[in-house]
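Residues per chain are reported as follows:
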Amino acid sequence: MFTVKRGGALFAAVVAALSAAAGAVCGGLAEASAVAAPVIVIDAGHGGIDAGVRGKTSGVKESDVNLAIAYRLQEYFSGAGFCAVLTRKSQAGLYGVPAKGFKLRDMQRRREIIEEHDADMVISVHQNFYSDGTRRGAQVFFNKDSESGKKLAACIQNSLNSMKNAPRKGTPLIGDYYMLECTTSPSVIVECGFLSNAHDERLLCDEQYRKELAYAVFAGAVSYYA
Ligand SMILES: [Zn+2]
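If you're wondering where the values come from, they're calculated on a predicted model, not measured in any experiment.

The rules behind each value
Per chain, residues are indexed from 1 in the order of the written sequence. Residues qualify for local features only when their pLDDT is at least 70, as the model is predicted, and side-chain atom pairs are given and counted only at 80 or more; totals for whole chains, interfaces and linings, by contrast, use all residues. In this description, a line fitted to the C-alpha atoms serves as the axis of each element, helices being fitted only across the stretch in contact, and the angle between N-to-C directions of two axes falls anywhere from 0 to 180 degrees. A run of H or I in DSSP counts as a helix once it spans at least four residues, and a run of E counts as a strand once it spans at least two, with each numbered from the N terminus. Angles below 35 degrees are treated as roughly parallel, those above 145 as roughly antiparallel, those between 65 and 115 as roughly perpendicular, and all remaining angles as oblique. Each crossing gets its handedness from the near helix: less than a right angle anticlockwise from the far helix is left-handed, clockwise is right-handed. We call two residues in contact when their backbone-placed C-beta atoms lie within 7 Å. In this classification, the charged set is Asp, Glu, Lys and Arg, the nonpolar set is Ala, Val, Leu, Ile, Met, Phe, Trp, Tyr, Cys and Pro, and all remaining amino acids, among them Gly, are polar. Exposure criterion: with C-beta atoms placed from backbone coordinates, a residue whose C-beta has 20 or more other C-beta atoms within 10 Å is buried, one with 12 or fewer is exposed, and one in between is partly exposed. Handedness rule for crossovers: strands pointing away from the viewer, path from the first strand over the helix to the second running clockwise, crossover right-handed. The criterion for strand pairing is that DSSP finds at least two bridges linking the strands in question.

## Regarding the packing of helix α2 (residues 62-79) against helix α7 (residues 207-224)
Where α2 meets α7, the closest approach of the two axes is 9 Å, and the angle between their N-to-C directions is 55°. By the angle between their axes, α2 is oblique relative to α7. Regarding α2 and α7, the two cross each other, and that crossing is right-handed. Residues Ala68, Ile69, Arg72, Leu73, Tyr76 and Phe77 of α2 lie in contact with α7, whose contacting residues are Arg210, Lys211, Leu213, Ala214, Tyr215, Val217 and Phe218. By residue class, the composition of the contact of α2 with α7 is ten nonpolar, no polar and three charged.

## Points about the pairing of strand β1 (residues 39-44)
In terms of burial, β1 is largely enclosed, as six of its six residues are buried. Neither face of β1 is left uncovered, since the one carrying Val39, Val41 and Asp43 and the one carrying Ile40, Ile42 and Ala44 both have all their residues buried. Between the parallel pair β1 and strand β2 (residues 83-86), the chain is carried across by α2, and the sense of this crossover is right-handed. Bridge count between β1 and strand β3 (residues 121-128): five bridges; the pairing is parallel. Its bridge partner lying in β3, Ala44 is registered against Val125.

Here it is in structure tokens:
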């Protein structure tokens, strides 16, 4: 069970209802009486020869930070009775052969996973980088044509803004990204922090902080269903 820090009763009720209704019907054959759990596809951005951005101080790969946070997210969602599916489960990319056109193949494979699992929600995990090294904080993006995506982005951004010591209160932004356009289900990109800022970088490399951040994303996503 989770420690509910804020939004208490309603949040607990949603999680309890899901836990009770869902059972273990994630991708398997459901009992006749069971209700299928909402499917959350958790996408760790980049991977393999595409490391994404790198930590300015430590050189940490964005792809590795994304994967670690994606796993924490999966634990929270699974524990609450959701069906939590990872697109990328290892450091490898999803493009097959690392040759010309790999980036598009990688994105198409992610889309296939979203479709194969009939995702009810897609959360893509990334880390930011900016020339101005003072820029900090989490930022959620959504597709301008998706009302549900906009709502989900607001839920998650609010939750991230409520984290203790959040460096700034972000506002969800419109993003023009493949992962937001490849599905009609609510889909967001969560840029968890800036690897171009030493403070954010240190936090994003810290296991405890990764858990806290993943919990905030999870709690925000659950509040979408409230
Ligand atoms: Zn990225």
